[in-house]
Amino acid sequence: MINRAYRERASQGPEAVEWVAGDAPGPVRLVAEVRVSPCGDQLLLDWQPGNLHRMATAAQRLVRTCWAEWNLGDDGVEPSLGFRQLLGLADDAPLPTLSDVADAVTADSLPGFYQMLYDVILRKRTADCTLRMPGRIDRITRLTAEPVRIAPGSLVWGVRAVLTDVTAEQRRRESARRAEREVLHQRRQARTIREVAEALREAVLPHFHDELAAYGLQATAVYRPDAREAGVGGDWYKARKLPDDRLLIALGDARGHGLSAVTLMAKLRYALAGLAYTEQPVEQLAYWLNETACADGIESTATAVIAGYHPERHLLRWVCAGHPCPALVRDGRATSLPFPDGGPGLPLGVLPGTRYTAAETSLRIGDIVLMYSDGLTERRDSDPDLDTRRFVEAAESALRSSDPGADREGLHAYAENLVARLDGPHRADDATLLALRRVEPPGGARRH
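Computed from a prediction, not measured in an experiment: that's the story for all the values here. (Residues numbered from 1 in each chain as written. Predicted model: local features only at pLDDT ≥ 70, side-chain atom pairs only at ≥ 80, totals over all residues. Heavy atoms only, no water.)

Some remarks on the overall build of the protein
In terms of helices and strands, the protein carries ten helices and 18 strands. In terms of overall dimensions, the protein is more spread out than a globule: its C-alpha atoms have a radius of gyration of 42 Å, far above the 22 Å expected for 448 residues. Expressed as lengths along the three principal axes of its C-alpha atoms, the size of the protein is roughly 130 × 60 × 45 Å. Long-range contacts, defined here as pairs at least 24 residues apart, represent 61% of the contacts in the protein between residues at least 6 apart. (Helix = DSSP H or I, 4+ residues; strand = E, 2+ residues; numbered from the N terminus. Rg over C-alpha atoms; globule rule 2.2 N^0.38 Å. Contact = heavy atoms within 4.5 Å.)

Details of the environment of A415
Summarising the element assignment, A415 is placed in helix α10 (residues 408-422). Taking relative accessible area as the criterion, A415 reaches 0% and is therefore assigned buried. Once you skip the residues sitting within four places of it in the chain, A415 turns out to touch T220, V222 and L433. (Buried < 20%, exposed > 50% of the residue type's maximum accessible area, 1.4 Å probe, protein only.)

Regarding a nonpolar patch on the surface
A cluster of nonpolar residues, I2, Y6, W19, V28, L30, L43, L45 and W47, forms a patch on the protein surface that exposes about 740 Å² of accessible area. For the nonpolar patch, the secondary-structure elements that each account for two or more residues are α1 (2-8), β2 (28-39) and β3 (42-49). Counting residues per element, the nonpolar patch draws most heavily on β3, which supplies three residues. Mapped onto the elements of the fold, W19 is located in strand β1 (residues 12-21). (Patch = residues over 30% accessible without salt bridge, like charges linked within 9 Å, V, L, I, M, F, W, Y side chains within 5 Å. Areas by Shrake-Rupley, 256 points an atom, 1.4 Å probe, with all protein chains shown as cover. Salt bridge = Lys/Arg side-chain N within 4 Å of Asp/Glu carboxyl O.)

A word on the pairing of strand β4 (residues 65-71)
As paired strands, β4 and strand β8 (residues 156-165) are joined by seven bridges and run antiparallel to one another. Bridge assignment links W67 to a residue of β8, and that residue is V162. Summarising the sheet, β4 and strand β5 (residues 77-79) pair through three bridges and their orientation is antiparallel. Looking at the pairing, W70 lines up with V77 of β5. (Pairing = 2+ DSSP bridges.)

Some words on a negative patch on the surface
A cluster of acidic residues, D74, D75, D100 and D103, forms a negative patch at the surface. Structurally, D75 can be placed in the loop between β4 and β5. (Lys, Arg positive; Asp, Glu negative; His and termini not counted. Charge placed at Lys NZ, Arg CZ, Asp CG, Glu CD.)

Remarks on helix α5 (residues 110-122)
Given a rise of 1.5 Å per residue, 13 residues ought to cover 18 Å, and the 17 Å separating the end C-alpha atoms of α5 matches this to within 8%. Next to the buried residues of α5 lie α4 (98-104), β6 (127-133), β7 (139-149) and β8. (Expected span 1.5 Å × (residues − 1).)

Brief notes about the sheet that holds β5
Sheets are built from strands paired through backbone hydrogen bonds, the pairs being either parallel or antiparallel. Read across the open sheet, the five strands follow the order β5-β4-β8-β7-β6; overall the sheet is antiparallel. Strands with a single pairing partner mark the edges of an open sheet, and in this sheet they are β5 and β6. The sheet shows a mean angle of 25 degrees between the axes of neighbouring strands, taken without regard to direction. Of the strand pairs in this sheet, β7 and β8 are connected by nine bridges, and their pairing is antiparallel. By the bridge assignment, A145 is partnered in β8 with A161. With respect to the sheet, α5 is in contact with β6, β7 and β8, its orientation differing from that of β6 by roughly 150 degrees. (Axes fitted to C-alpha atoms, helices over the stretch in contact; angles between N-to-C directions.)

Considerations on the pattern of salt bridges
The full count for this structure, using the stated rule, is 21 salt bridges. A salt bridge links R173 to E169; its shortest N-O distance comes to 2.6 Å. Here the residue R173 and the residue E169 both occupy positions in helix α6 (residues 167-204), the gap between them amounting to four residues, near one helical turn. Among the salt bridges present, the one from R224 reaches E416, with a minimum N-O distance of 2.6 Å. Note that R224 is positioned in strand β9 (residues 217-224) and E416 in helix α10, a separation of 192 residues in sequence. Several salt bridges converge on common partners, so that one network encompasses E69, E146 and R160.

A short note on the sheet that holds β2
The strand order across the open sheet built from three strands is β1-β2-β3, with neighbouring strands paired in antiparallel fashion. Taken across any chain shown, the strands that pair with only one partner, and hence form the sheet edges, are β1 and β3. Each neighbouring strand pair of the sheet contributes to a mean axis angle of 35 degrees, computed without reference to strand direction. Two strands pair when backbone bridges link them, and β2 and β3 are joined in this way by eight bridges, in the antiparallel orientation. Pairing of V34 across the sheet is with W47, part of β3.

What to know about the state of the cysteines
Following the criterion strictly, the structure yields zero disulfides and no others. In this model C129 remains outside any disulfide bridge; the closest cysteine sulfur is found in C66, 13 Å from its own. Overall, the relative accessible area of 5% leaves C129 in the buried class. No disulfide involves C320; its sulfur sits 6.3 Å from that of C325, the nearest cysteine. (Disulfide = S-S within 2.5 Å.)

Listed below in structure tokens is the structure:
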């Protein structure tokens with residue numbers, strides 16, 4: 001720097017210079033801003049310890065802040081470093097007056113800018129405003145200003161302001177507000193879907209009383225929605241009298257969750273009710289219901305157990321379409337009913353032309369048949385056989401701790417106990433249990 005100043009007769013610096021000085025109590029590392037300037041035939045060397053100017057410049061850059069002072073008398077501007085850059089101006093652009101700033105900002109910024117000038121110049125108080133600068137990248141600047149006066153009570157002759165680039169901060173806030181609005185919209189939509197689905201489910205699924213007693217049966221159902229989804233799923237069940245004096249009994253699980261699953265559930269349930277009036281055996285009903293689901297598209301898949309109860313023979317004939325096998329509780333023991341010959345059939349809606357085979361189970365007085373959806377027993381990465389054993393063990397355990405009695409209320413209490421033993425935070429789907437018990441019909445014979 002000294003050589004250049006001597007040869008070129010021009011000032012050099014400021015530049016940061018670092019050196020080590022002092023011996024006791026130890027060497028000290030010093031940093032200073034050094035300048036070298038010609039002074040006649042001499043050279044003047046000066047330095048500012050601590051490199052304060054460089055630190056101030058770095059601080060301005062880090063927080064994207066600068067300051068300026070406008071003279072109201074001659075429109076002069078005294079800016080700090082980075083003033084033009086913060087306003088998005090070229091390095092050689094003229095310094096903007098307050099009028100130039102007003103011309104440069106967007107129209108929606110002007111009311112706040114004029115209010116700030118009114119408060120500072122006429123009311124003589126500190127004020128702030130937010131300015132938007134149009135350009136390739138819209139800049140958002142926070143301007144905080146105070147009046148400049150010679151003495152308290154005198155006229156304001158200048159405006160001193162600190163300007164901070166808050167573009168990134170404002171965009172983060174706007175992004176957060178958009179995200180919050182989207183979350184609220186999604187919550188309202190989910191709540192609406194849940195309410196509609198719950199209303200539809202409530203309207204579709206039966207509430208058992210004593211309507212099956214004339215056929216020597218008691219029935220009750222327990223349902224647990226999946227709280228993590230829309231509140232309801234595709235589980236469904238049905239029990240109704242048919243023209244040939246049989247009873248149609250079914251439990252199924254439609255694909256998916258929420259309103260779409262409830263819609264599919266209702267569609268399959270009503271389709272089965274209509275098909276059952278043909279008085280065809282359950283094998284044919286399952287075949288037709290599968291064709292209906294297949295014709296409805298690849299999204300219309302479901303599992304189901306479809307059964308016909310013949311009261312005069314106390315016989316339950318049932319088919320399985322990809323669904324967990326029913327269980328039988330008899331004489332204090334619970335067992336899983338064997339699948340029909342050939343094993344369980346394919347779920348409904350998977351493959352057209354699928355044929356189903358029926359199994360037959362004779363019921364004694366006091367026998368309880370349990371039909372359930374896999375949401376009650378499934379665990380992450382679990383084995384279906386292990387799920388079945390878990391259900392059978394829970395059915396026996398619940399029987400020992402909860403006497404089902406002889407009335408429908410006792411049967412319902414037993415079903416609630418069984419569901420409580422299998423339910424928990426691990427459950428990832430809605431769960432349904434349908435319990436049927438053979439009892440003596442009133443008067444010892446079935447009423448027609």
